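Analysis of the macromolecular model
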Amino acid sequence: MSGTEPTTGEQTDEPPSPLGLKKRFEDNRLALQLFGAHHAHLARIEQQLDVSIHSRGNEVSIGGPSAPVVAAAGAVLDRLYARLEKGHTIGLPDVDATVRMAMTDPVDGRAAEQGAREGAEEDTGVLIRGRSVRARSRTQGQYVRAMDRHDLVFGTGPAGTGKTYLAVAKAVERLVNGQVDRIILSRPAVEAGEQLGFLPGNMREKVDPYLRPLYDALYDMLPAPQVIKRLESGEIEVAPLAFMRGRTLANAFVILDEAQNTTAVQMKMFLTRLGEHARMVITGDLSQVDLPKGTRSGLRHAMEILEGIPGIAFVHFSEADVVRHPLVTRIVRAYERVEEKMRVGAEYESERRDGGRHS
């Protein structure tokens, strides 16, 4: 095997049964890290994929209800081992993320393992001063690549999928590397039209609570003194959407968060702020629109009219991309089931009323 190829776990000479797989990992030290303390990583893979994994030394045997599931478990181990070979550490969040990726691979076992090896080689992420923020789902990987290749990117989907976090990470990476002069982070200050007058305090005290998630992401990327210094110098600006009117944002990485709560007029205003050598990322969750009843989301409107325009990318996340606590994924799915039932019920009731009028 050449030095440029990851030496992922190799199948032993003993042929596996259709529902079983055996793998051997050459480096005993890395194998121990792969398995986790008290085999916690293997236990998590068993739990997530409903397989059984038995280890003996640096070998594992995997059994499960179907060949694709067994192959997926093997692909997870391959990818995690390849990360260890590159000098990265792994923990339970990395195991969960790799399982999510394996579950979206083709059902053919060999294709699943090949996909894992290719993913290990690419390992999409953001590098900030030696710290790597790695994509934890295939959609996150597509999102990071879209931000590298397009001037305008829309990222939509439920909470917890990393839309804002990865956008801020990419913005900080470009600022630190000198690819942009500044970062501008914005969001609608108040869901129902930015009515700030009734709130106590000066303007900054009024809007800061609504911008707090953007500050949190910044402080997670950079040391606090650097964030404060760059905020004071204007290299990083965090401002409500209303403050963008009349400006041209050049040589900047611009992020609009919670964009589902913009009107069509606000969205057009923001999009047309894009200046030379600038990148813009728009994030939002169309299932959580808080605009007054009857007001159409500017995010939905923009996505409809801008589809197919060169230079613009659309990345759609789903509950499968949620990277917070595993319970968040189950919560999102539960809400989506209820919302789907309500939608179907409303359609049935509408059809029943229409049928009654025409009878």
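Residues numbered from 1 in each chain as written. Predicted model: local features only at pLDDT ≥ 70, side-chain atom pairs only at ≥ 80, totals over all residues. Heavy atoms only, no water.

Focus on the overall build of the protein chain
Along its length, the protein chain carries twelve helices and twelve strands. Across the protein chain, contacts joining residues at least 24 apart in sequence account for 68% of those joining residues at least 6 apart. Approximately 18300 Å² of the protein chain is accessible, and the part contributed by carbon and sulfur atoms is 52%. (Helix = DSSP H or I, 4+ residues; strand = E, 2+ residues; numbered from the N terminus. Contact = heavy atoms within 4.5 Å. Areas by Shrake-Rupley, 256 points an atom, 1.4 Å probe, with all protein chains shown as cover.)

A word on the pairing of strand 7 (residues 152-156)
The element strand 7 is largely enclosed, with a buried count of five among its five residues. What you see with strand 7 is no split at all: Leu152, Phe154 and Thr156 on one side and Val153 and Gly155 on the other are buried throughout. Pairing of strand 7 with strand 11 (residues 279-284) involves five bridges; the strand directions are parallel. Within strand 11, the residue paired with Leu152 across the bridge is Met280. Bridge count for strand 7 against strand 12 (residues 312-316) is five bridges, and the pairing is parallel. From the neighbouring strand, Val153 faces strand 12, where its bridge partner is Ala313. (Buried < 20%, exposed > 50% of the residue type's maximum accessible area, 1.4 Å probe, protein only. Pairing = 2+ DSSP bridges.)

Topic: helix 6 (residues 138-149)
Since there are 3.6 residues in each turn of an α-helix, residues three or four apart along the chain are aligned in direction. Taking 1.5 Å of rise per residue, the twelve residues of helix 6 would be expected to cover 16 Å, and the 17 Å separating its terminal C-alpha atoms lies within 8% of that figure. Regarding helix 6, the residues found buried are Thr139, Gln140, Gly141, Tyr143, Val144, Ala146 and Met147. (Expected span 1.5 Å × (residues − 1).)

A look at the nonpolar core
Counting residues in each nonpolar core, the largest one holds 33 residues, and the members touching the most others are Tyr143 and Met147. Examining the composition of this core, we find that seven residues originate from one element, helix 7 (residues 163-176), more than from any other. Aside from chain neighbours lying at most four places away, what touches Met147 is Val153, Leu166, Ala167, Lys170, Arg174, Phe253, Arg279 and Val281. Leu49, Ala73, Leu80 and Val95 belong to the second-largest nonpolar core, a separate cluster that totals 25 residues. (Core = buried A, V, L, I, M, F, W, Y, C linked by side-chain atoms within 4.5 Å.)

So, the packing of aromatic side chains
Scanning the model with the defined rule gives four aromatic pairs in all. Consider the rings of Phe25 and Tyr81, whose centres lie 4.9 Å apart with planes at 45°: the pair is tilted. Linking Phe25 in the loop between strand 2 (20-24) and helix 1 (28-35) with Tyr81 in helix 3 (residues 67-85), this pair joins segments that are 56 residues apart in sequence. Note on Phe154 and Phe314: the rings are 5.1 Å apart at their centroids and 15° apart in plane angle, and the pair reads as stacked. Taken together, the residues span a long stretch of sequence, with Phe154 in strand 7 and Phe314 in strand 12 at a distance of 160 residues. (Phe/Tyr/Trp six-rings, centres within 6.5 Å; stacked < 30°, edge-to-face > 60°.)

Topic: the pattern of salt bridges
Per the counting criterion, the structure on display carries eleven salt bridges. One salt bridge connects Glu304 with Arg296, and the closest N-O pair in it is separated by 2.4 Å. Take Glu304: its relative accessible area is 47%, and that puts it in the partly exposed class. (Salt bridge = Lys/Arg side-chain N within 4 Å of Asp/Glu carboxyl O.)

Points about unusual backbone geometry
Even without being glycine, His38 reaches a positive phi, approximately 55°. The phi dihedral of His277 falls on the positive side, at around 55°, and the residue is not glycine. Mapping His277 onto the fold places it in the loop between helix 10 (264-271) and strand 11. Note on His277: relative accessible area 64%, which makes it exposed.

Looking at the packing of helix 6 against helix 7
With their axes 11 Å apart at the nearest point, helix 6 and helix 7 run at an angle of 35° to one another. The crossing of helix 6 and helix 7 is right-handed. Contacts between helix 6 and helix 7 involve Gln140, Tyr143, Val144, Met147 and Asp148 on the former and, on the latter, Lys163, Leu166, Ala167, Lys170 and Arg174. Residues that form the contact of helix 6 with helix 7 fall into these classes: five nonpolar, one polar and four charged. (Axes fitted to C-alpha atoms, helices over the stretch in contact; angles between N-to-C directions. Left-handed = near helix turned anticlockwise from the far one by under 90°. Nonpolar A, V, L, I, M, F, W, Y, C, P; charged D, E, K, R; others polar.)

Some points on the confidence of the model for the protein chain
The predicted model of the protein chain averages 80 in pLDDT, with 78% of residues at 70 or higher. Mean pLDDT values over the elements of the protein chain span from 45, in helix 5 (residues 109-122), up to 97, in strand 7. Note that residues 1-8 has pLDDT below 50 and, in this model, 13 contacts with residues that lie over four places away or in other chains. The low-confidence segment residues 106-122, where pLDDT is below 50, has 27 contacts with residues more than four positions distant or belonging to other chains. (pLDDT = per-residue confidence, 0-100.)

Describing a nonpolar patch on the surface
On the surface, Leu327, Ile331 and Tyr335 cluster together to form a nonpolar patch covering roughly 310 Å² of accessible area. Topologically, Leu327 is positioned in helix 12 (residues 326-358). (Patch = residues over 30% accessible without salt bridge, like charges linked within 9 Å, V, L, I, M, F, W, Y side chains within 5 Å.)

Quick look at the packing of helix 10 against helix 11 (residues 298-306)
Packing of helix 10 against helix 11 brings their axes to within 8 Å, and their N-to-C directions diverge by 60°. The angle between helix 10 and helix 11 places the two elements in the oblique class. Helix 10 and helix 11 meet at a crossing whose hand is right-handed. On helix 11, the residues touching Ala264, Met267 and Leu271 of helix 10 are Gly298, Leu299, His301, Ala302 and Leu306. Counted by class, the contact of helix 10 with helix 11 contains six nonpolar, two polar and no charged residues. (Parallel < 35°, antiparallel > 145°, perpendicular 65-115°, else oblique.)

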